[in-house]
Amino acid sequence: MKRNEEELRIEAAGYHKRQPYAVMIGVLFLPFDSCDDARGDNTSSSFGSWVRHLRPYAGRAGPHDEQDRLEKIYIALYEPDGSVLLYFDVEADPPKNTALTGWRQCGSDGRLRRLLSYQEFLDAAYHEYLRRNSLEFRWADGIEEPQDPSDAS
């Protein structure tokens, strides 16, 4: 854990030092089995442990925040056969032990709740860029539209 977390933080610090307005999004890949490997009622899964470990390094809101934090960090969960790849935002609340709670089977499609498809992940990254750089405008009815960057001042 320490090595992976340090690599993300060193990369973020390098970019943010030279480009403070850069939007850095980290992704850690874990197999879906990491959600179900907890043992006993008081043990979290490997997936849950990673979320807990990485969360303090996500959520950089502005160019004057800590340089070694990333704007967002996701855990990409995959099936080893390559059939499924979904993304979890580490700032969301994970279950402590999916094997005990049945969280993995809660979605209508039998997948973990709050997981993003590849397209949803790309959309979230794009909206983080727009939010971070004040290029997104939201109407009262919830419709969002990107502003033309040349209009931003």
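This report concerns the structure included in the present document. Just so we're clear, the structure is a prediction, and the values are computed from it rather than from any experiment.

1. Some thoughts on the packing of helix H1 (residues 2–18) against helix H2 (residues 46–54)
H2 packs onto H1 with a crossing angle of 40 degrees between their chain directions and a minimal axis gap of 11 Å. For the element pair H1 / H2, the angle class is oblique. Our pair here, H1 against H2, has a crossing hand that is right-handed. Contacts from Lys2, Asn4, Glu5 and Leu8 in H1 reach Trp50, His53 and Leu54 in H2.

2. Topic: the packing of aromatic side chains
Each aromatic ring pair is characterised by the separation of its centres together with the angle its planes make. In the structure shown here, the tally under the stated rule is 4 aromatic pairs. Note on Tyr74 and Phe121: the rings are 5.1 Å apart at their centroids and 85 degrees apart in plane angle, and the pair reads as edge-to-face. Linking Tyr74 in strand S2 (residues 72–78) with Phe121 in helix H4 (residues 118–132), this pair joins segments that are 47 residues apart in sequence. Just as Tyr74 is buried, Phe121 falls in that class too. Between the aromatic rings of Tyr87 and Tyr118, the centroid separation amounts to 6.3 Å while the plane-to-plane angle is 40 degrees, which identifies the pairing as tilted. One end of the pair, Tyr87, is in strand S3 (residues 85–89); the other, Tyr118, is in helix H4, with 31 residues separating them in the sequence. One aromatic cluster is present, formed by Tyr74, Tyr87, Tyr118 and Phe121 through successive ring pairs.

3. Focus on H4
Between its first and last C-alpha atoms H4 spans 21 Å; for 15 residues at 1.5 Å apiece the expected length is 21 Å, and the two agree. Of all the residues in H4, the buried ones are Phe121, Ala125, Glu128, Leu130 and Arg132.

4. Examining the sheet that holds S3
Read from one edge to the other, the open sheet built from 3 strands follows the order S1-S2-S3, with strand pairing classed as mixed. Only two strands of the sheet have a single partner each, and these edge strands are strand S1 (25–31) and S3. Neighbouring strand axes in the sheet, compared pairwise and without regard to direction, differ in orientation by 30 degrees on average. Judged from the 7 bridges that link them, S1 and S2 form a sheet pairing that is parallel. Within S2, the position partnered with Leu28 by the bridge is Ile75. Sheet strands in contact with H2 are S1, S2 and S3, and its direction is about 165 degrees off that of S2. Of the strands in this sheet, S1, S2 and S3 are in contact with H4, which crosses S1 at around 160 degrees.

5. Notes on the nonpolar core
One finds Phe47, Ile75, Leu77 and Val90 to be the most contacted residues of the largest nonpolar core, which totals 20 residues. When contributions to this core are tallied by element, the ones reaching two or more residues are S1, H2, S2 and S3. With 4 residues, H2 is the single largest residue contributor to this core.

6. As for H2
Taken residue by residue, H2 has Phe47, Gly48, Trp50, Val51 and Leu54 as its buried positions. Buried residues along H2 cover an arc of 160 degrees about the axis, so they all sit on one side.

The rules behind the values
Residues numbered from 1 in each chain as written. Predicted model: local features only at pLDDT ≥ 70, side-chain atom pairs only at ≥ 80, totals over all residues. Heavy atoms only, no water. Axes fitted to C-alpha atoms, helices over the stretch in contact; angles between N-to-C directions. Helix = DSSP H or I, 4+ residues; strand = E, 2+ residues; numbered from the N terminus. Parallel < 35°, antiparallel > 145°, perpendicular 65-115°, else oblique. Left-handed = near helix turned anticlockwise from the far one by under 90°. Contact = heavy atoms within 4.5 Å. Phe/Tyr/Trp six-rings, centres within 6.5 Å; stacked < 30°, edge-to-face > 60°. Buried < 20%, exposed > 50% of the residue type's maximum accessible area, 1.4 Å probe, protein only. Expected span 1.5 Å × (residues − 1). Pairing = 2+ DSSP bridges. Core = buried A, V, L, I, M, F, W, Y, C linked by side-chain atoms within 4.5 Å. Arc of directions from axis to C-beta.

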